[in-house]
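Notes for the structure review
Here are the chains, one letter per residue:
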Amino acid sequence: MAFRPIAEARIAAGAALLLGGMCASALTISGPGDVSASAQECTRLLQAQDAGSVQACKLQLDQANAAPPTERMARIVANDEYGIALLAYGHAPRQGLEAFDREIGMLPASTVKPDSLQWAVAYWHRATAYQQLGQLDSAIQDLRTAEDTLRKAAETSANDTQRKQHFEELRKRVVAQHAGLLERQGKHAEAKRVLRAE
């Protein structure tokens, strides 16, 4: 299925965008039939850091929700990208959290594995929504899940050095965010422990 690697690249690009780094080279679309025009526009606007991404990603989500029930991956990606747009440009963390909750709710019934980038990024994005809402304990719980998932993903990618390094770099960013939240809560010793364990 051609959609899965594309979805993984789109979610990775979203993770980089949401947390301040552009990752335009991470997205590759192999052909015009692989991703709908609205999905391409949503991703393009997210990468361009354009507030119009909120509307484009909502359209993508509406189209994904209208698709047959078997099209879970399209709904997972659409919820993820809509959530990113809401957090980054819509200034609507509550709605973003709802999109990430829907995404995470679909993961177990999908082809996404619990040791995959998609799984980790879904929890990382939801942690960021919780953080924006000031729900730091929930954010920390999701960051722990993302850290563990990225650790497992790196371990299962031992034969692919570039992929393993990518997972390890993402995990470092999650760990830094986790430690920052602990610092914000005044849990300095625990923040140091998290960084040392990294």
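Worth saying up front: this structure is predicted, and the values here are computed from it rather than measured.

With 21 residues, helix 7 (residues 136-156) extends 30 Å from end C-alpha to end C-alpha; this agrees with the ideal 30 Å at 1.5 Å per step. Those residues of helix 7 that sit buried are Leu136, Ala139, Ile140, Asp142, Leu143, Ala146, Glu147, Thr149, Leu150, Ala153 and Ala154. Against the buried residues of helix 7 lie helix 6 (117-132) and helix 8 (161-184).

End to end, helix 6 covers 22 Å across 16 residues, agreeing with the expected 22 Å (1.5 Å per residue, within 8%). The first or second residue beyond helix 6 is Gly134, which carries a positive phi of 80°.

Where helix 4 (residues 72-90) contacts helix 6, the two axes come as close as 11 Å, and the packing angle between them is 30°. Here helix 4 lies roughly parallel to helix 6, going by the angle between them. Helix-helix and strand crossings are classified by hand; for helix 4 and helix 6 the assignment is left-handed. Between helix 4 and helix 6, the residues in contact are Met73, Asp80, Ile84 and Leu87 and Gln118, Val121, Ala122, His125, Thr128, Ala129 and Gln132, respectively. Along the lines of polarity and charge, the residues of the contact of helix 4 with helix 6 split into six nonpolar, four polar and one charged.

The subject of this paragraph is the environment of Gln131. When you line up the elements, Gln131 lands in helix 6. Note: C-alpha distance between Gln131 and Gln177 (46 residues apart in sequence) is 9.8 Å.

Under the criterion given, the structure shown has one disulfide. For Cys42, the disulfide goes to Cys57, at an S-S distance of 1.9 Å. With the S-S dihedral at roughly 85°, the linkage between Cys42 and Cys57 falls on the right-handed side. In this pair, Cys42 is assigned in helix 2 (residues 37-47) and Cys57 in helix 3 (residues 53-66), connecting sequence segments 15 residues apart. On the basis of relative accessibility, which here comes to 0%, the residue Cys57 falls in the buried class.

Each value, and the rule that gives it
- Residues numbered from 1 in each chain as written.
- Predicted model: local features only at pLDDT ≥ 70, side-chain atom pairs only at ≥ 80, totals over all residues.
- Heavy atoms only, no water.
- Helix = DSSP H or I, 4+ residues; strand = E, 2+ residues; numbered from the N terminus.
- Expected span 1.5 Å × (residues − 1).
- Buried < 20%, exposed > 50% of the residue type's maximum accessible area, 1.4 Å probe, protein only.
- Contact = heavy atoms within 4.5 Å.
- Axes fitted to C-alpha atoms, helices over the stretch in contact; angles between N-to-C directions.
- Parallel < 35°, antiparallel > 145°, perpendicular 65-115°, else oblique.
- Left-handed = near helix turned anticlockwise from the far one by under 90°.
- Nonpolar A, V, L, I, M, F, W, Y, C, P; charged D, E, K, R; others polar.
- Disulfide = S-S within 2.5 Å.

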